[in-house]
Every structure is written in C-alpha cells, then in structure tokens.
Amino acid sequence: MDTIASLFSFITTPVSWVIVQFHSVYGKIFGPDTGWAWGLSIVSLVILIRICLIPLFVKQIKATRAMQTLQPEMKKIQERYKNDKQRQSEEMMKLYKESGTNPLSSCLPILAQSPFFFALYHVLNGIATGSTIGVINESLLASARKAHIFGAPLAAKFTDGSSKVEALGASLTDVRVVTAVMIVLMSASQFYTQRQLMTKNVDTTVKTPFMQQQKMLMYVFPVMFAVFGINFPVGVLVYWLTTNVWTMGQQMYVIRNNPTPGSKAQAAYLERLTKHVTHHGKTRRRSEKTIVKAIVAKGRDRNEFERSFINALTKAGLVAQADGTVAKGEAQAVGQTEDGVTTTSGAARRQQPKRQTKAQRQSGAAKAGGDSTSDPSAASDASASSDQSASESKTTSLEKSDEPQDAKPTAKQAPKGGSNGRSRAQSGQRKGGPQRPKSPSKK
C-alpha cells in the first residue's frame, strides 16, 4: 500500500481536497457526520471527474466510428488470409496504423480515471486505519469514521472481521449485506452497459477482432468487479457504482441520438426520424441534419436502413438535400433514389408492352409481310440492295481475275479428281514440273 501511495501521491491531495469541499456543502444540509454528506461528496467527485473526461469520451466515440468504417476492409483481410492467422494479424495492424485507429480506444475512459480511483482508495483506506492523508485532518477523519451508508461505514470492507467492523461502530451483518448488494449492482450495471453496446450499437454483419474484444470485455469486467469488489471499502464501491451508472446513461444517450451505421440502434433512430420529418416536413435539430447529410453523401454505399429511410421520404413527397435539410418534392423536382441515382419525380415511367396471344402475333406477322410486298418504296429499296450486292460480287470477281495465271499450284491446290491423276500417272507424265520430251522411236 505504501508503494501505491507513493505512486499516486501527486493526485491524492487534490482528490482529498475536492471531497472536503463537497463535504462542507453537504454537511450544512445533512449534518457533517452523516453518511449522506460523505457519500454525496464521493458521488459529486465522480460526476466532476466524468464531466472533465467528456472530451476523452467524444474521442472514444470517434475512434469507435472509425473502427466501424474499417469493418469492410477487415472482412476482406479475413477472407484473404483465413488460413494464415499470423499474416491476418499483421495486415490488421497495418490497417490500424494506416487509418490511425486503435482497437483499445474503448478502454480510454477507464484508464484515464484509474489514478483517481487509486487516490480515492488510498484516502478511504487512511480513514479506515485512522491516519490523516492529504487535506483531511484529525477532525475530518473522526467525522468520516462516524459516517455510515445504510449502516455500513465508509471505510468498511466485505472481508473485514467483526472486531474491525465493531471498532467502526457497525455490525458485520450490515457491512456484508450492504457491500454484497453494491457489488452485485456494480457488476450488473457494467454488464448491461457492455451488452447494450454489443446488441444495439455494433454492426453485426461483419465479424472483426474489435467485436471479439467488446464481447470479451462484456464478460471480463463484471467478473473483475465482483472479484475485486470484496476488497474495496464501501466508499470505493459508491465511487464505482456511480461511475458505472453515469457510463450507462451516457451510452444510452449516445446510442439513441448518434447510433453506429448498420446497427439496430440506427434502424430504430431512422424510424423515429422518418416519423418526425414526415410530420414536420423538415429537419429541426443540428444532429438530424448531420445524419441526413451523411446518408445523402453515401450514395450507393447506403445500408438497408438508410435506403429504407430515403424511400420513406420519397413516398411522403420529400427529398433529402445534400446539406442535410429536407425539401418538399415538386412535380419536376429532382431527387435521389435509394441507390444514389438522380431522377426526376415528374418523368413518365417506361411502360412494359402487353403480352400478345399466338393468333395476334401470327396476324401481325402476316400483315407486316403484306405491307412490305404492297409498298413500292420497300420494293425499290429491296431492288437497290440487290443491285448493290451484285455490284460488290462483280468487283470481287474482277479483283480475283487480276491474279497471274501462270502461278504454280501448290500441293493443296492439286486437282482432287482421282481418275484424272491416275491416268496422267499411267501415261508417264509427272504431276508437277516440266514434261519429258517424247522419244522419236515411239512415233
């Protein structure tokens, strides 16, 4: 403990000072020695810390959105290197580096408030052991030791013995019941927060390491809180229960108003947005305009929920604009379909021809044949085309006649007639080349 105190001594004094300032305010309302005064001081410390961490939380949301946009690329890498896990991990790390994202960004708020947690733990441990720490003097230490929350002292633990609990002016049963209930609530709130993120605000169409990480955290964190919670003082349990409830409410707000594309939360949000926009005929809030602008800019890359949103606006006679606003569609207004193609609402649709019966097709063919024979212009056109083809064939024959007549025939051009070749061979003549002169004796 001395090692931990020395590591976090730079923040122990500020944390104890903030608790004392809140205690001075709540002590005037509930009394300086009551558990409400000290308990609400710890709750106020948590709220103050989480307000200061809001910029970090916004950064976490942006990093999570960046991870969601990388999911198609992750899927391609998984399919390409599905038999080589090492190469798959290397390509994933390369993709993270090129895009500037970090899969561990979801843990940033927890890591950032860890120093405050250890500082508060050390302050409460000093109250339990009766030692002053930071700005907490002897009088404040005595007041804190008298404070009880539902019968359990702030510095009491689940693992404390009966003698130590009696020294703090409480019973072991009250301490065990209160700490057990707070540990269960703390673990349940952590599990619900992570499960809400996995079931509502994650695009489940792509299986990525990011999803596996979130699924692991959903089960690991509650178990960690349950295991380590039995060694936490009641004041620290108040701290973690408060921060878990804050995180759960903050995440519910983000999921409802700024959901992840492709998630169930986005489907529910776009359904509410469709009802709101079709009822009022416009987008009123800035967040609504931002989301509509992003949907219009996607074009053909929209998911099924976004295409349904655009189609619902079109059916209601509305058109989503590129700046995020919504305008009423006129007879000749230009809008965008669900695949991003610009169309004109007043344009006539192409009509498909009606299917004809066999008798109608035969009568139509016969009529067309009769019209072509009776039409003199058609006959003249036919004759002209025949004359043209004849002239072309004549030109071709003339070109062939210009070839030299004394060209030697090749082996392929030899006459195919079998009887002719046989008679010439029998008369002693050669098939090719000059002929022998006849002998005068044969004459």
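Residues numbered from 1 in each chain as written. Predicted model: local features only at pLDDT ≥ 70, side-chain atom pairs only at ≥ 80, totals over all residues. Heavy atoms only, no water.

1. With respect to the overall build of the protein chain
At step 1: Each helix and strand in the protein chain was counted, giving 18 helices and six strands.
At step 2: Per-residue burial for the protein chain yields a buried fraction of 35% across its 443 residues.
At step 3: Considering only residue pairs separated by 6 or more positions, the protein chain has 64% of its internal contacts joining residues 24 or more positions apart.
At step 4: Carbon and sulfur atoms form 57% of the exposed surface of the protein chain, whose accessible area is close to 27600 Å². (Helix = DSSP H or I, 4+ residues; strand = E, 2+ residues; numbered from the N terminus. Buried < 20%, exposed > 50% of the residue type's maximum accessible area, 1.4 Å probe, protein only. Contact = heavy atoms within 4.5 Å. Areas by Shrake-Rupley, 256 points an atom, 1.4 Å probe, with all protein chains shown as cover.)

2. Points about the confidence of the model for the protein chain
Reading fine detail from the predicted coordinates is not recommended where pLDDT is low.
At step 1: Looking at the protein chain as a whole, its pLDDT mean stands at 74, while 69% of the residues score no less than 70.
At step 2: Between residues 331–349, whose pLDDT stays under 50, and residues either more than four places distant or in other chains, the model counts 39 contacts.
At step 3: Confidence drops under pLDDT 50 across residues 388–428; counting only partners more than four residues distant or on other chains, this segment forms four contacts. (pLDDT = per-residue confidence, 0-100.)

3. A short note on a nonpolar patch on the surface
At step 1: Residues M216, V220, V223, M224, V227 and F228 make up a contiguous nonpolar surface patch of roughly 520 Å² in combined accessible area.
At step 2: Following the sequence through the fold, V220 ends up in helix 11 (residues 209–229). (Patch = residues over 30% accessible without salt bridge, like charges linked within 9 Å, V, L, I, M, F, W, Y side chains within 5 Å. Salt bridge = Lys/Arg side-chain N within 4 Å of Asp/Glu carboxyl O.)

4. Details of unusual backbone geometry
At step 1: Of note in the backbone geometry, F150 takes a positive phi value of approximately 55 degrees without being a glycine.
At step 2: Here F150 is to be found in the loop between strand 1 (148–149) and strand 2 (152–153).

5. Let's talk about helix 6 (residues 85–99)
At step 1: Here helix 6 spans 21 Å end to end across 15 residues, near enough to the 21 Å set by a 1.5 Å rise per residue.
At step 2: Within helix 6, the full set of buried residues consists of Q88, E91, M92, L95 and Y96. Across the axial projection of helix 6, the buried residues extend over an arc of 140 degrees, all falling on one side. Along helix 6, the residues that are exposed and aim more than 90 degrees away from the buried face are Q86, M93, K97 and E98.
At step 3: Positive phi shows up at G100, right after helix 6, with a value of about 75 degrees. (Expected span 1.5 Å × (residues − 1). Arc of directions from axis to C-beta.)

6. Here we look at the packing of aromatic side chains
At step 1: Applying the stated criterion to the full structure yields five aromatic pairs.
At step 2: The interplanar angle of 20 degrees and the centroid separation of 6.5 Å between the aromatic rings of F22 and Y26 together place this pair among those described as stacked. Note that F22 and Y26 are positioned in helix 2 (residues 9–30) at a spacing of four residues, about one turn of the helix.
At step 3: Given the relative accessible area of 24%, F22 is considered partly exposed.
At step 4: Clustering of aromatic rings is evident, with ring pairs tying together F225, Y239 and W240.
At step 5: R176 extends its terminal NZ or CZ atom over the ring of F158, reaching a point 5.1 Å from the ring centre. (Phe/Tyr/Trp six-rings, centres within 6.5 Å; stacked < 30°, edge-to-face > 60°. Lys NZ or Arg CZ within 6 Å of the ring centre and 35° of its normal.)

7. So, the side chain of E288
At step 1: You can see E288 is positioned in helix 14 (residues 286–298).
At step 2: With sequence-adjacent residues up to four places away left out, E288 is seen in contact with Y269, L273, H276 and T283.

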